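Residue strings, one per chain:
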Amino acid sequence: MFEQFKTRAEAVSAEVHRFATRAQALDFILDFLRSEGIADQPGAYALWADGSFAAALDRKRLAAQVPGLRFEITRDLAAGARAGISQVDWAVAQTGTLLVDATAVEQRLVSSLPPIHIALAETGRILPDMAAGLARFDPGRCAFLSAITGPSRTADIERVLTIGVHGPKRLIIVFIDEAGEADHQ
Amino acid sequence: MSSQFTQSIAEALRNPKLTGALGKFSEAYRGNRAQAYAGIDFEALRTLIAERKAYAASHLEALAAEFAANARARGAKVFRTGDPQQVREYVLNVAREKGARAIVKSKSMASEEIHLNPYLEKEGLSVSETDLGEWIVQLAGQRPSHMVLPAIHMTKEDVAGLFSKEINERLSSDIPRLVNVARQELRSRFLNADIGISGANIAVAETGSLVLVTNEGNARLVATLPNTHIAIVGIEKLVALFEDILPVLTALPRSATAQLLTSYVSIITGPAPNTDGTLKDLHIVLMDNRRSEMAEDPQFREALQCIRCASCLNVCPVFRLVGGHVFGKVYTGGIGTILTAWFDALKQSEDIQGLCIQCGNCREFCPGNIDIPGLILELRRRLVVEQGQSLVQKGIFAVVNNRRLFHTMLRAASLGQKPFVDGGFIRHLPLFLSTFTRDRSLPSIAPAPFRDTFRKIPQPRSEEKAALYAGCLIDFAYTEIGEAVVKILNRAGIEVVFPEGQTCCGAPARYSGAYEVAAQNSIDNIRALLEQDVKWVVTACPTCTVALKQEFIGTLESLGRHEALPEARRLADKAVDFSWLVKQLVDEGRLSFRDGEAPLPLTYHDSCHLKRTLHVSGEPRDLLRRAGHQIVEMFESDICCGMGGSYTLKLPEISAAILHRKLHNIEATGVSEVAADCPGCVMQIRGGCDKKGLAVRVKHTAERLAERLE
Ligand code: SF4
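Keep in mind it's a predicted model, so treat the numbers as computed, not measured.

(A) Broad picture of the sheet that holds strand β15 (residues 600-605) of chain B. Residue and element names in this part refer to chain B. In space, the 4 strands of this open sheet follow the order β16-β15-β17-β18, with parallel pairing throughout. The outermost strands of the open sheet, each flanked by one partner alone, are β16 (629-631) and β18 (697-700). Recorded for the sheet is a direction-independent mean angle of 40 degrees between the axes of neighbouring strands. As paired elements, β15 and β16 share 3 bridges and run parallel to each other.

Listed below in structure tokens is the structure:
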């Protein structure tokens, strides 16, 4: 199902990566932030929202090592961030979609205001289709369910597809095979 | 038809910008959409959507109450009203209570419908549309021309001009750059807004959830950044169950923009936290504005199955030419005509309902499985009932039904005899023989009608009889098509009879909404055609076949003439289309054609009624191939040729523009032979080719087959 997800997500301009371990995924993210000049340039920073992956990190040490990485999230910070990092709950192979309970406002801020959104997902949490995806959520307990399929887009001017209107211009999806210890669901 | 309306059509047709993006989009749409639906059973999907939405439409009251209770239990404030003014006041009151100054909006047709923006602006509030297309239209001081693509009528240069003015900087028409300007400019408005207003694509009664579908991500921001969120929801958005989201979500992006899914789908159930830690002040306004009345109407209830995907606009041969603004109201295109008639007033649809050429294309694509052309016809009927028929029309229908007189008049007119030509009379004839000859030549009227020619064709005696129903065009203009049909049936050993009492099939009257006249046509024809005991009633005009098979029954039913129904059904059972019958005869080995020579390349035009109402499209192609033709398919072979009966008279410029596209597609095949199964299409396309000086021969399938009989 990973292959199908990747094909579908790339077809809508998402970038898809896959790593065996959390450590490798973290390396990739830090490298990426460095290469984008977000890790250690003055004024540039990324925000990392809560999730089981983030919880397992030594956030204090990481923040000290990488000055451009921040774990506290406010509206103003999100408005100025170059990238947002968050973890999603499920992925849907058929449409290349990410599903996340975004009731916590931080989840929405990091995935909608910064120009880059890095989404973390567990490879074992890819579901075949939207029917399976929606069935995992209880609207009685989730006030804001977000389904994300590729970066923000528009074709409102002369039907020319343009990426990145109000939301992220890049959506980078990082799959991790290693399962989380604390299940965040 | 108001002159203002005619004027707006003429302007739209002359506007190359419109045909630019819109035309290209609609040409590519069908293929892209088909790709998006790959692996999905569209018929099953739309049956499910129609069923779920129909259920909701017939339980609106209960579902609205259930939705309100559940959304309230989750902490939302729900306000339900039938009155648009109350919606506007409610929003204003919330704004006043909050001391709000700035509002950001994501796309909401419901708020367009009640003209919310100007109302709020008059009260001193700043309102920014944030959907890019909507914002462009707002800056231009216009209305959206398309439900999904609000600014499709504008060019990038137009947009550059608007944005330059807005940000006081000269901008080039580079699209990514323009999009970025919108991002920058609207971002600060998002961050500074006090209230976010959205619509909703689906409202779930079972859970009190709202579903918002966008590509740009603006609805997420509208629902997240301001502390207050007001969702204005037409009650037709209600569905009963959470699981009902799925079919709508499967169809909506595929039908709307040929996407598997939009970039963002948000499902909001009660208030979520704000960025300052408080809980969202979530208001949901359930707006009726005559939707409940619509739900009570046995015919129009169906229109509430609409999921606002706009495919009925995208596949409409008229919409692609004139765009949305000639519709003059908020909702455009086929479904827009219907919604305008209800949300505004029936009278408001008087002009725009005439835009529908009744080709039936939209019906094929509608994921809500709505008979859009059927409902437009019903509007027409109600308009005639409400306003009566003009005397001219009445006079015409009287003549049409007197076959000999009709023929004499047509013949006189075609020979240019006064007073028929300049008396104005001829322009109203349902035979489309107007003075309008700028874009297409007219057929000459046969010196003797087919009913007279027929008598001279000796008939084989047989137990197996077919009654030939000629219809106006074959009877009076194209008698050779009638002769070809008779020749082919005779060759299969069938005796053909021509019931003298047959008259006009009533299509012109019916399509003008004059059901009483159409009903009389039905009764006369039923009597005439069932007089002798025949196995089939054959027509070579699909519009007539549809009349015989379906519309006689429909017309009589809608007028409550139940006593006539059993006979109408008996006739319907016997009525067959020419190509369909001949295909049977060939398959049974009763007919064969000559081939062997080098196949003659030919392109085939699908007539609207044959393909979409009678579902016959493979049969004529198969027959033509057997008769030694090689079929070179033209682009959009099943898009209307612009004939549409009296449409050609009422909206000649649109009809001509559609015809020109057809001619263009024919030329592009490089083939000089055309076949069609409808004498009306033959007349339109042949006349067009002749005027344009194309060396193309257009013939009815029957003629092509008769030439090749073994
Ligand atoms: S009527 Fe059908 S095709 Fe038209 S917008 Fe509604 S759902 Fe779409």
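(B) Inspection of the site of the ligand at higher detail. Residue and element names in this part refer to chain B. Not every one of the 13 residues close to the ligand is listed here, only the nearest: C306, C309, A310, C312 and C366. In this structure, the ligand is accommodated by the second largest cavity. Partitioning the shell around the ligand into residue classes produces 11 nonpolar, 1 polar and 1 charged.

(C) Examining the pairing of strand β4 (residues 83-87) of chain A more closely. All names here are of chain A. With respect to burial, β4 is a largely interior element, 5 of its 5 residues being buried. Neither face of β4 is left uncovered, since the one carrying A83, I85 and Q87 and the one carrying G84 and S86 both have all their residues buried. Note: strand β2 (residues 46-48) against β4, 3 bridges, orientation parallel. Residue pairing across strands places W48 opposite I85, the latter belonging to β4.

(D) Examining the interface of chain B and chain A more closely. Across the boundary between the two partners, chain B contributes 62 residues, which contact 47 residues of chain A. Across the chain B to chain A interface the summed buried area is about 4,500 Å²; carbon plus sulfur atoms make up 60%. Where chain B meets chain A, there are 1 salt bridge. The tally of links between chain B and chain A comes to 29 residue pairs in polar contact (both at pLDDT 80 or more). Looking at the side of chain B that touches chain A, the elements that each hand over two or more residues are α2 (16-36), α8 (132-139), α9 (156-167), α10 (175-192), α11 (218-224), α12 (245-257) and β9 (264-269) of chain B. Its residues assigned to classes, the side of chain B that touches chain A shows 35 nonpolar, 19 polar and 8 charged. As paired strands, strand β9 (residues 144-148) of chain A and β9 of chain B are joined by 5 bridges and run antiparallel to one another. The partner of F144 of chain A across the bridge, within β9 of chain B, is I268 of chain B.

(E) Geometry of the environment of R30 of chain B. Residues and elements named next belong to chain B. Here R30 lies in helix α2. Taking the C-alpha atoms as reference, R30 lies 9.6 Å from E636; in sequence the two are 606 residues apart. With residues up to four places along the chain from it excluded, the contact list for R30 reads V315, N361, F365, D638 and I639. Polar contacts involving the side chain of R30 include one to the side chain of D638, which spans 3.0 Å.

Cut-offs and rules
Residues numbered from 1 in each chain as written. Chains lettered and ligands numbered in written order. Predicted model: local features only at pLDDT ≥ 70, side-chain atom pairs only at ≥ 80, totals over all residues. Heavy atoms only, no water. Pairing = 2+ DSSP bridges. Helix = DSSP H or I, 4+ residues; strand = E, 2+ residues; numbered from the N terminus. Axes fitted to C-alpha atoms, helices over the stretch in contact; angles between N-to-C directions. Near = heavy atom within 4 Å. 1 Å grid on protein atoms, 1.4 Å probe; cavity = no way out; pocket = protein on both sides within 12 Å on 5 of 7 lines; lining within 4 Å. Sits in = over half its atoms within 2 Å of the grid points. Nonpolar A, V, L, I, M, F, W, Y, C, P; charged D, E, K, R; others polar. Buried < 20%, exposed > 50% of the residue type's maximum accessible area, 1.4 Å probe, protein only. Contact = heavy atoms within 4.5 Å. Buried area = accessible area lost by both parts, 1.4 Å probe. Salt bridge = Lys/Arg side-chain N within 4 Å of Asp/Glu carboxyl O. Polar contact = N/O pair within 3.5 Å; in protein donor to acceptor, adjacent residues only side chain to side chain.

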